[in-house]
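Fold and geometry: a report
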Amino acid sequence: MKAIEIASYGAPDMLREAERPAPVAGAGELLIRVAASGVNRPDVLQRKGHYPVPPGASDLPGLEVAGEIVSGDEAALREAGFKVGDRVCALVAGGGYAQLCVAPVAQCLPVPKGWSDVEAASLPETFFTVWSNVFDRGRLQKGETLLIQGGTSGIGVTAIQLGKAMGATVIATAGSDEKCEACRKLGADHAINYKSSDFAAEVKRLTGGKGADVILDMVAGDYVAREVECLADDGRLVIIAIQGGVKSGFNAGDVLRRRLTITGSTLRPRPVAFKGAIAKSLREKVWPLLEGGAVRPVIYSTFAAGGTPTGASQAHSLMESNQHIGKIVLTW
Ligand SMILES: NC(=O)c1ccc[n+]([C@@H]2O[C@H](COP(=O)([O-])OP(=O)(O)OC[C@H]3O[C@@H](n4cnc5c(N)ncnc54)[C@H](OP(=O)(O)O)[C@@H]3O)[C@@H](O)[C@H]2O)c1
């Protein structure tokens, strides 16, 4: 099969087309003929050598795919209601930038009715991450206020739409007025340009001094202190990335006086059973929203994966330019 491999850690042009042996589905797994592969910021970190591959995972980048089931563990397929030929999208721990990809059956979901392969490939990584962090860890409730840092990221466009669909008031931050407008178009009640205003003061102002009940943070560093300031009493801060650094000083007195929770997680190294439980929640609570049109795909660009230079390297350059709004997807 054709695949995109990381020739050595470094710039986007280190993503090269290669011939690799087809992977083989083991117990509880299925093999997908990949039509489209989603691109995520963790792939960029992996290419730079900053995101080690979990034990047992493919060294090829790529955390999500969509395509057709070629073969698989028959008992597991039957139990999940899948058969060979069905179109699925899957969350994988690696190996997504390839024409064939093995996935645990538990981490596969049907392509939502009416969605293309490109659209379906844009789903797993951000929907699993947002569900797990905003709704499971952050326990966002209807009527609460959700602050999303990086509202136009792949994660952000998912969080805005899911937050609104679940009845929250959504405030998003972004680095330009154009991106703020995109957040509002996606349904955010308010968008804050974090480069021209102080997001913590704005959140306090927009919530009448109360603050946000849940914050989804992909920055950390010195943001944590400001997030603690603009969390409501009993608020939950969920950290999913450390783009601003790992060191944070914050007012610990606020944490106990106002009963705040500071938590976080990374999805990739978690066990199949954990991801399978998220897949079940998504199928039950979110897939109807996708099929009913309440939550829409936000695809910024697609690239044919291979070639010289590879489409994958162009996709990574685009992601690192931070121009994109929503998802970037590779096709095969
Ligand atoms: N923990 C997990 O399980 C998990 C899973 C998937 C992804 N992630 C992380 O989640 C983040 C988003 O992933 P993605 O694939 O959606 O990436 P992406 O589309 O490339 O988004 C990165 C975003 O970070 C925003 N950003 C950077 N600095 C910021 C700041 N100071 N304030 C506010 N926003 C800032 C950028 O917004 P502007 O362009 O507006 O500045 C951009 O929207 C990445 O850091 C990724 O590593 C974590």
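All figures in this text were calculated on a predicted structure; none of them were measured in a lab.

For the ligand, the set of nearby residues contains 26 residues, the closest of which are Arg41, Gly175, Lys179, Tyr194 and Tyr223. For the ligand, an oxygen atom lies 2.9 Å from a polar atom in the backbone of Gly154. Between an oxygen atom of the ligand and a side-chain N or O atom of His324, the distance comes to 2.8 Å. Taken by itself the ligand offers 910 Å² of open surface, and the protein chains cover 92% of this. Of the residues contributing to the shell around the ligand, the split by class is eleven nonpolar, twelve polar and three charged. In terms of domain composition, the shell around the ligand takes at least three residues from each of domain 1 (2-123 + 268-331) and domain 2 (127-264).

What follows is about the sheet that holds strand β11 (residues 212-217). Taking strand neighbours across the sheet as the criterion, the six strands line up as β10-β9-β8-β11-β12-β13 in an open arrangement whose pairing is parallel. With one partner strand each, in any of the chains shown, β10 (190-193) and β13 (261-264) form the two edges of the open sheet. Each neighbouring strand pair of the sheet contributes to a mean axis angle of 15 degrees, computed without reference to strand direction. Bridge count for β11 against strand β12 (residues 231-239) is five bridges, and the pairing is parallel. Across the sheet, residue Val214 finds its bridge partner in β12, namely Arg236. Docked against the sheet, helix α4 (residues 124-137) engages β8 (145-148), β11, β12 and β13, running at close to 160 degrees with respect to β13. Where helix α7 (residues 199-206) meets the sheet, its contacts fall on β8, β9 (169-174), β10 and β11, and the angle it forms with β10 comes to roughly 155 degrees.

How each quantity is defined
- Residues numbered from 1 in each chain as written.
- Predicted model: local features only at pLDDT ≥ 70, side-chain atom pairs only at ≥ 80, totals over all residues.
- Heavy atoms only, no water.
- Near = heavy atom within 4 Å.
- Polar contact = N/O pair within 3.5 Å; in protein donor to acceptor, adjacent residues only side chain to side chain.
- Areas by Shrake-Rupley, 256 points an atom, 1.4 Å probe, with all protein chains shown as cover.
- Nonpolar A, V, L, I, M, F, W, Y, C, P; charged D, E, K, R; others polar.
- Domains from an automatic or database assignment.
- Pairing = 2+ DSSP bridges.
- Helix = DSSP H or I, 4+ residues; strand = E, 2+ residues; numbered from the N terminus.
- Axes fitted to C-alpha atoms, helices over the stretch in contact; angles between N-to-C directions.
- Contact = heavy atoms within 4.5 Å.

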